[in-house]
Amino acid sequence: MVFALTELDPSFLADTLDGASQGNRPARPVPMLESGDGGLKPAMRPIRAPVETSLPSHPSPMSPKWWALGRGDVDATITQVGAIVAQLFIPALLLAPVGVSPAFTLSRCLPGFASGFLVGSLGLVSLAVALANREGRADVTAHVYGNNVPAIISYTLSIFLPVYLGTHDASRAFRIGAAAVIWTGILKLCAAPFANLLRRSISLPASMTVFGAAMYSYLALVVLQRIFDQPLVGIAALAIVGITVFAGVPVTSYRLPPFLFAWLVPLSVGIALGYVHPAWQGVSLVLPFVPPSGLLEAMALAVPYLSVIAPMAVYHVLQAITTVEGASSAGDNYDARSVVAWDAVGTLLGGMAGSMVVPVIYALHPPYKALGARIGFAFWTPLILLLVVMTGLTGFFAALFPWPILAALIAYVAVGVGRATLAHVDRKYWSVVLLGFVLPVGAVITAVVNSALPALGLSEANANVQAALGRSIYWASLRGLGNGFLFLVLVVASAITHAIDRNFTRAAIWCLIASVFSWVGLMHSAVLGWKAQPMYALGWLVAAGIVYSARWWRGDTEASS
């Protein structure tokens, strides 16, 4: 996820935000216009054309230098650095109400992430440079890499928080959180050789629905209300996002990056009101890693939380595959296996360096290419982030990204992802997408309640509290709906998609997969375990029988599936 607030036409952004993959259908072509040098480039609104060096028909791959920063790379670097830094503060904001010091959280999250992000980014840069050399082009765009807010929220509230509430040991909770990131990297690495197989096995409506549910629903519902923590600051930020991005109004004749405008103006208001209190604490050397002690033990302790980790890893792999297809539609043909592998390496090293923040490939390749970003932004962004971390300025920057501003920017991302999901899914599958968008509600409510109870001095383990929650909000049902919700979205979307296509065998197979997942705790359960949710497993087994039998009782045709 990224706050790529560019001057692109919103309709173009919706069409290209998640790539142009259409599964078994032809890829949606990116609009192309003839460039001044006789080549082709993605079509944009005539607000501003990227400033690029005039190139011959067959440019030398080293002219201009791949690390050079054109105007598009400058805009992309500003956007990336600001978004990543802002999002790295989310764990500190979520954990502060339960008594975990923001200084402690930031000292663990940022250094380790900076190390893993640097290695993963340089790997993706190497793929882009190799592609440029191989094809003799200077217009290759590197993949967009950054941190992932759904994973940040899930790992903070579903892994760190339960461990901390049970032990009141923040260091132990962070060790297990970092181990969860390591497990995520391992799962991604295992999936890398099978990236193309996964793409063929999971239908486009299902993969897009998982992507949309994670970003449009879960992310927005958890964070969006924070706009009104300080209404004047939040509403100002939301107004700027609405005007500059949704309405497509450029920021002055200089076409200033909307991210800066939507950040600095509300920030100035917050400082004037006394709501924001940035305090310069000086520069100090900080190593870019905080390796957790007892790593093998922590990884063993993290195994029960694979019900959280595994769905997130699958979601990241699906997003990376879809992004590769989007890059291909824009003219940059990457190998999905290599892209997923470098993402996995960055994730693995980030966890080993002590961070519980997971990196991800952003599904924004075509818009960034249209913006004029090439390779330079992907090289300089991790270096700038590393500089911020190693100079000890994270505390200062933390005060510059209060929740109201961050939430307003997330509103843009959520709406853009929702539009992109609908744009890339055939209308006959819209019911799949819309159902997938509401399924995360259980995860949202349980996350909010689990965060609120400790602040109220209550424990979810208390029988009276459980009884009250059961009477008021049907707590057991919400937990069943929310635990492993990304797998739930994937299964439901896949089964209904195949049912719409009258392929009842495949639909039934997805129900059987759900039954197995429920039995071992990957769905409907907060932790992994044998016979974790037997009733849910039985329910999905019955669903498989019903779905498969539709081939005989269907009334729209006499032919079977």
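Source: prediction; values computed, not measured.

Quick notes on the rules
- Residues numbered from 1 in each chain as written.
- Predicted model: local features only at pLDDT ≥ 70, side-chain atom pairs only at ≥ 80, totals over all residues.
- Heavy atoms only, no water.
- Helix = DSSP H or I, 4+ residues; strand = E, 2+ residues; numbered from the N terminus.
- Buried < 20%, exposed > 50% of the residue type's maximum accessible area, 1.4 Å probe, protein only.
- Contact = heavy atoms within 4.5 Å.
- Areas by Shrake-Rupley, 256 points an atom, 1.4 Å probe, with all protein chains shown as cover.
- Phe/Tyr/Trp six-rings, centres within 6.5 Å; stacked < 30°, edge-to-face > 60°.
- Expected span 1.5 Å × (residues − 1).
- Polar contact = N/O pair within 3.5 Å; in protein donor to acceptor, adjacent residues only side chain to side chain.
- Axes fitted to C-alpha atoms, helices over the stretch in contact; angles between N-to-C directions.
- Left-handed = near helix turned anticlockwise from the far one by under 90°.
- Nonpolar A, V, L, I, M, F, W, Y, C, P; charged D, E, K, R; others polar.
- Core = buried A, V, L, I, M, F, W, Y, C linked by side-chain atoms within 4.5 Å.
- Salt bridge = Lys/Arg side-chain N within 4 Å of Asp/Glu carboxyl O.
- Patch = residues over 30% accessible without salt bridge, like charges linked within 9 Å, V, L, I, M, F, W, Y side chains within 5 Å.

Some words on the overall build of the protein chain
Working step 1: For the protein chain, the count of helices and strands is 24 helices and four strands.
Working step 2: The buried share of the protein chain, reckoned over its 561 residues, is 56%.
Working step 3: Across the protein chain, contacts joining residues at least 24 apart in sequence account for 83% of those joining residues at least 6 apart.
Working step 4: If you sum the accessible surface of the protein chain, you get close to 21600 Å²; carbon and sulfur atoms cover 67% of it.

Digging into the packing of aromatic side chains
Working step 1: For the structure on display, the rule yields 15 aromatic pairs.
Working step 2: Relative to phenylalanine 396, the ring of tryptophan 280 lies with its centre 5.3 Å away and its plane at 75°, an arrangement referred to as edge-to-face. Taken together, the positions of tryptophan 280 in the loop between α10 (258-273) and α11 (295-302) and phenylalanine 396 in helix α16 (residues 394-398) put the pair 116 residues apart, joining distant regions of the chain.
Working step 3: On the accessibility criterion, tryptophan 280 (54% relative accessible area) is exposed.

Comments concerning the environment of valine 265
Working step 1: Within the secondary structure layout, valine 265 lies in helix α10.
Working step 2: For valine 265, a relative accessible area of 33% puts it in the partly exposed group.
Working step 3: Each C-alpha atom, one on valine 265 and one on valine 233, is 8.9 Å from the other, the two residues being 32 residues apart in sequence.
Working step 4: In contact with valine 265, other than residues within four places in its own chain, are Ile240 and Leu260.

Quick notes on helix α4 (residues 102-135)
Working step 1: With 34 residues, α4 extends 47 Å from end C-alpha to end C-alpha; this agrees with the ideal 50 Å at 1.5 Å per step.
Working step 2: Two to three positions downstream of the cap, the backbone nitrogen of alanine 103 sits 3.2 Å from a side-chain oxygen, assigning the N-cap of α4 to serine 101.
Working step 3: Remark: glycine 136 follows α4 within two positions and exhibits a positive phi of approximately 65°.

Brief notes about the packing of helix α8 (residues 204-223) against helix α12 (residues 306-329)
Working step 1: Packing of α8 against α12 leaves a shortest axis separation of 10 Å and a crossing angle of 115°. The element α8 and its partner α12 pack so that their crossing is left-handed. Residues Ser207, Met208, Val210, Phe211, Ala214 and Met215 of α8 lie in contact with α12, whose contacting residues are Tyr315, Leu318, Gln319 and Thr322.
Working step 2: The residue inventory of the contact of α8 with α12, partitioned by class, reads seven nonpolar, three polar and no charged.

As for unusual backbone geometry
Working step 1: The phi torsion at arginine 502 lies on the positive side, around 65°, for a residue other than glycine.
Working step 2: Relative to the elements of secondary structure, arginine 502 occurs in the loop between α22 (485-500) and α23 (504-520).
Working step 3: Take arginine 502: its relative accessible area is 34%, and that puts it in the partly exposed class.
Working step 4: Although it is not a glycine, lysine 531 sits at a positive phi angle of roughly 55°.
Working step 5: Secondary-structure assignment places lysine 531 in the loop between α23 and α24 (534-553).

Topic: helix α2 (residues 71-88)
Working step 1: Given a rise of 1.5 Å per residue, 18 residues ought to cover 26 Å, and the 26 Å separating the end C-alpha atoms of α2 matches this to within 8%.
Working step 2: For α2, the tally of buried residues reaches 15 of 18 residues, placing the bulk of the element in the interior.

Focus on the nonpolar core
Working step 1: Of all hydrophobic cores here, the largest spans 155 residues; its most connected members are Ile153, Tyr155, Phe160, Tyr334 and Trp540.
Working step 2: The leading source of residues in this core is α4, at 15 residues.
Working step 3: Setting aside residues up to four positions removed in sequence, tyrosine 155 forms contacts with Phe160, Ala180, Val181, Thr184, Val308, Ile309, Met312, Met356 and Val358.
Working step 4: Of all hydrophobic cores here, the second largest spans five residues; its members include Val449, Leu453, Leu469 and Trp475.

Digging into the pattern of salt bridges
Working step 1: Enumeration according to the criterion identifies twelve salt bridges in this entry.
Working step 2: Across the pair glutamate 297 and arginine 175 runs a salt bridge, and its minimum N-O distance is 3.2 Å. A residue pair is termed long-range when its members are at least 10 positions apart, and glutamate 297 in helix α11 and arginine 175 in helix α6 (residues 170-191) qualify at 122 residues.
Working step 3: Here glutamate 297 falls in the partly exposed class, since its relative accessible area comes to 47%.
Working step 4: Arginine 337 is the partner of aspartate 335 in a salt bridge, and the nearest nitrogen-oxygen pair spans 3.2 Å.

Considerations on the environment of glycine 123
Working step 1: Here glycine 123 shows up in helix α4.
Working step 2: Measuring from C-alpha to C-alpha, the distance between glycine 123 and serine 338 comes to 9.1 Å, with 215 residues separating the pair along the chain.

Quick word on a nonpolar patch on the surface
Working step 1: Residues Leu512, Met535, Leu538, Leu541, Val542, Ile546 and Trp553 make up a contiguous nonpolar surface patch of about 740 Å² in total accessible area.
Working step 2: In terms of residue count, the dominant contributor to the nonpolar patch is α24 (six residues).

Side note on the environment of phenylalanine 104
Working step 1: Relative to the helices and strands, phenylalanine 104 resides in helix α4.
Working step 2: Measuring from C-alpha to C-alpha, the distance between phenylalanine 104 and alanine 170 comes to 8.6 Å, with 66 residues separating the pair along the chain.
Working step 3: When neighbours within four sequence positions are excluded, phenylalanine 104 is seen to be in contact with Ala170, Ser171 and Phe174.

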